[in-house]
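Examining the three-dimensional arrangement
Here's the letter readout for the chains.
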Amino acid sequence: MTGKMSTDDFSLSRVPAEARLPMWEVLLVRIGALTALSQFMLGAALGYGMTFWEAFWATMLGSVVLEIVSLLMGIAGAREGLSTSLLARWTGFGRYGSSIIGAVISIGLIGWFGIQNAVFAKGIDEALNGALGFPLAATLTGLFVTAIVIFGFKWLSWTAKIAVPGFLAVIGYGIYQVLRDHSVTELIHSPHPGPDLSLGVAATMVAGGFMIGAVITPDMSRYCRNGKDVFWMTLIGTFVGELGVNMIAVLMAHAVGTDDVVTIVLQTSGWLGAAIVIFATVKINDLNLYSASLGLSNLIDSVFSKKINRGWITFVIGVVGTVLSVLGILEKFQNFLVFLGVWIPPIAGIMVVDYFILKRGRKFLDESRLQGQLPENAEPINPITLIAWALGFFAGYFIQFGIPSLNSLLVSAIMYWIGMKMVNMSKQRNLETNENIQ
């Protein structure tokens, strides 16, 4: 593999069979995306505002939604060997519509990068007793992660092999410490220490917290060898990362009486544990930056017909994300999760309906896949797609019952299916009319 390709990482082409990886290697990256400080923050937020069982059902509801979306998107990504934003060209969005997808995903992931980097930098600065100051610490940590991501998926795999076992070991030790000083039964039945959090909002936080991760599953699954690998990768990743980490964080929040993650980790694992957990943030943040760079590569290619090496794009957006963390994006964490929870799901709803049900672009994908190429043509943009996306967003944002992220996904999927059926019926009627005239 050449140096150029190792940094570009098939950003605008299919991943060939010889570049596919064993399931466990992709799984490790997937688990690394979930076993991070942000996931612990989410679980602590649930535990601070909910009882154990309320948090359990909120996590379970959100996790089921995430698993279904992840599996379907992942199978499509593995079958075609394409990233999410590139696959979107032939699954409902068209060439220019897929560029919008690339922009939306990149904006969301750059926001996540800023949040994670702020957590990482805050932990480093506190460990050094404020010697660096937050702005300098955030700048250094942001550039450090950017350097890792420039070299592609292989480097993501190597950081996962270090960060994931370390994170799980610290969390395991932390829960051991909690259980040594508290009764499990007592913690499970104890009232939550903070203000009430409703089931709908909590489930949306769970689904929204990783919904963008579910939608970008093809960015990872394109390296899977088959659908079976995708199934185990998504199932184990979702339930270990979501249910496992969340419920441990819930118990810890009940035991310590706070949703301050740094305080919880310090009180249960000490400074060494805090350092390892904070370092694990690198694992999720490099994936955020990686997928954001893939989305922007597709956007630039779609709109300007320019192929820019993904490594250069990574550098630019890494700097942008670092600046966001310095400016304090961490303070908007909960609102950010809820917004993503209704803005991102419609993308998956539309792509799944188009790829698995309507199969509008499957013929072109199947034919070109045999040659290891991309289809030569793609529709410019589909107005029905944009309408369905907007309706899904408004449904998720304004409908007050149920789980907003699920509402937005289902409404967009149903509206897209109905809209395309109506278009096809109209075309068929016009064709029959023209034949009768002739």
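As recorded in an unreviewed UniProt entry, the protein goes by the name Cytosine permease, listed as coming from Bacillus caldolyticus. You can read under Subcellular location (unreviewed entry) in the UniProt record for the protein the words "Membrane". According to UniProt, the comment filed for the protein under the heading Sequence similarities (unreviewed entry) is "Belongs to the purine-cytosine permease (2.A.39) family."

Moving on, we come to the overall build of the protein. Within the protein, the secondary structure is distributed over 19 helices and zero strands. When each of the 438 residues of the protein is scored for burial, the buried share is 58%. Taking the intrachain contacts of the protein between residues at least 6 apart in sequence as the baseline, contacts between residues at least 24 apart amount to 86%. On the protein, roughly 17,900 Å² of surface is accessible, and the fraction owed to carbon and sulfur atoms is 68%.

Residue position: D219 is located in helix 11 (residues 217-221). A polar contact of 3.0 Å, which involves the side chain of D219, links it to the backbone nitrogen of T84.

As a further point, take the environment of V29. Looking at the secondary structure, you find V29 in helix 2 (residues 23-34). Note: C-alpha distance between V29 and G237 (208 residues apart in sequence) is 9.1 Å.

What follows covers the nonpolar core. What tends to happen in soluble globular proteins is that the nonpolar side chains get buried as a cluster. F93, M211, V215 and I347 are the most contacted members of the largest nonpolar core, which has 79 residues in total. It is helix 13 (residues 261-304) that contributes the most residues to this core, 10 residues altogether. Ignoring anything within four residues of it in the chain, the contact list for F93 reads A88, S98, I101, I347, I350, M351, P380, I381, N382, T385 and W389. Counting residues in hydrophobic clusters, the runner-up holds 34 residues, among them A55, V245, M252 and V261.

Moving on: the pattern of salt bridges. Enumeration according to the criterion identifies 10 salt bridges in this entry. Across the pair R369 and E80 runs a salt bridge whose closest N-O atoms are separated by 2.9 Å. With a gap of 289 residues between them, R369 in helix 17 (residues 362-370) and E80 in helix 4 (residues 52-80) connect regions that are remote in the sequence. Using a relative accessible area of 1% as the deciding quantity, one classes E80 as buried. A salt bridge links K307 to D301; the nearest nitrogen and oxygen atoms lie 3.2 Å apart. Given a relative accessible area of 5%, D301 falls into the buried group. A cluster of three or more residues bridged by salt bridges with shared partners is formed by R14, R79, E80, D366 and R369.

Another aspect to go through is the confidence of the model for the protein. Counting all residues, the mean pLDDT for the protein is 83, and 89% of those residues have values of 70 or more. Of all the helices and strands in the protein, helix 1 (residues 3-8) carries the lowest mean pLDDT, 47, while helix 16 (residues 345-358) carries the highest, 95. Within the model, the stretch residues 1-6 combines pLDDT values under 50 with six contacts to residues more than four positions away or in other chains.

The next thing to look at is helix 10 (residues 199-215). Over its 17 residues, helix 10 runs 23 Å from end to end, which matches the ideal 24 Å to within 8%, given 1.5 Å per residue. At G209, helix 10 shows its strongest bend, of approximately 35 degrees. Judged by how many residues are buried, helix 10 sits mostly within the fold: 14 of 17 residues are covered.

So, about the packing of aromatic side chains. If you walk through the whole model with that rule in mind, you get 12 aromatic pairs. Centroid distance F56 to W57: 5.0 Å. Interplanar angle 80 degrees. Geometry classified as edge-to-face. Stacked on the ring of Y355, the Lys or Arg R362 has its end atom at 4.2 Å from the ring centre.

This next bit is on the environment of R20. Secondary-structure assignment places R20 in the loop between helix 1 and helix 2. Along the chain, R20 and C224 lie 204 residues apart, while their C-alpha atoms are 5.7 Å from each other. When residues no more than four places from it in sequence are discounted, the contact partners of R20 are V15, A78, G81, R222, Y223, C224 and R225.

What follows covers unusual backbone geometry. In this structure, S305 is a non-glycine residue whose phi angle is positive, near 55 degrees. Among the structural elements, S305 can be located in the loop between helix 13 and helix 14 (310-326). A residue is classified by how much of its surface remains accessible, and S305, at 53% relative accessible area, is exposed. Its identity as a non-glycine residue notwithstanding, K359 has a phi of 55 degrees, on the positive side. Residue placement: K359 occurs in the loop between helix 16 and helix 17.

Attention shifts here to a nonpolar patch on the surface. A cluster of nonpolar residues, I357, I387, L391, L410, I414, M415, W417, I418 and M422, forms a patch on the protein surface that exposes about 820 Å² of accessible area. Tallying contributions element by element places helix 19 (residues 404-437) first for the nonpolar patch, with six residues. Looking at the element boundaries, I414 is found in helix 19. Residue classification places I414 among the partly exposed positions, given a relative accessible area of 45%.

As a packed pair, helix 4 and helix 16 sit with axes 10 Å apart at the nearest point and diverge in direction by 55 degrees. The angle between helix 4 and helix 16 falls in the class oblique. Here the hand of the crossing between helix 4 and helix 16 comes out left-handed. Listed contacts from helix 16 to V69, L72, M73, I75, A76, R79 and E80 of helix 4 are A348, M351, V352, Y355 and F356. The class makeup of the residues in the contact of helix 4 with helix 16 is 10 nonpolar, no polar and two charged.

Basis of the calculations
Every chain is numbered independently, its residues counted from 1 as its sequence is written. Per-residue local features of the predicted model are confined to residues with pLDDT of at least 70, and side-chain atom pairs are confined, for both listing and counting, to 80 or more; whole-chain, interface and lining totals are unaffected and use all residues. Side-chain numbers come from the whole structure's heavy atoms, not from hydrogens or water. UniProt positions are given in the numbering used here, feature names are shortened, and annotations may be inferred rather than shown by experiment. Secondary structure elements follow DSSP: runs of H or I of four or more residues count as helices, runs of E of two or more count as strands, with numbering from the N terminus. Relative accessible area decides the class of each residue, using a 1.4 Å probe on protein chains only: under 20% of the type maximum gives buried, over 50% gives exposed, and in between gives partly exposed. Whether two residues touch is decided by their heavy atoms; if any such pair falls within 4.5 Å, the residues are in contact. Surface accessibility follows the Shrake-Rupley procedure with a 1.4 Å probe radius. Residue values consider only the protein chains on display as shielding. Here a polar contact is taken to be a pair of N or O atoms separated by no more than 3.5 Å, where protein atoms must pair a possible hydrogen donor with a possible acceptor and residues adjacent in sequence count only if both atoms sit in side chains. Definition used in this section: a nonpolar core is a set of buried Ala, Val, Leu, Ile, Met, Phe, Trp, Tyr and Cys residues joined via side-chain atoms within 4.5 Å. What makes a salt bridge here is a side-chain nitrogen of Lys or Arg within 4 Å of a carboxyl oxygen of Asp or Glu, nothing more. What pLDDT reports is the predictor's confidence in each residue, on a scale of 0 through 100. By this rule the span expected of a helix is its residue count minus one, scaled by 1.5 Å. What the bend at a residue measures is the angle between two axes, fitted to the seven residues ending there and to the seven starting there. Stacked, tilted and edge-to-face pairs are distinguished by plane angle, under 30 degrees for stacked and over 60 for edge-to-face with tilted covering the rest, among Phe, Tyr and Trp rings (Trp via its six-membered ring) whose centres lie within 6.5 Å. For a Lys NZ or an Arg CZ to count as sitting over a ring, it must be within 6 Å of the ring centre and within 35 degrees of the ring normal. Exposure above 30% relative accessible area and the lack of any salt bridge qualify a residue for a patch; like charges then connect within 9 Å, and the nonpolar side chains Val, Leu, Ile, Met, Phe, Trp and Tyr within 5 Å. Angles here are taken between N-to-C directions and fall from 0 to 180 degrees, while the axes themselves are lines fitted to C-alpha atoms, restricted in helices to the stretch in contact. Geometric relationships in this document are graded by angle, where less than 35 degrees denotes roughly parallel, more than 145 denotes roughly antiparallel, 65 to 115 denotes roughly perpendicular, and other angles denote oblique. Put simply, a crossing is left-handed when the front helix is turned counterclockwise from the back one by less than a right angle, and right-handed when it is turned clockwise. Only Asp, Glu, Lys and Arg are considered charged, only Ala, Val, Leu, Ile, Met, Phe, Trp, Tyr, Cys and Pro nonpolar, and every remaining residue, Gly among them, polar.

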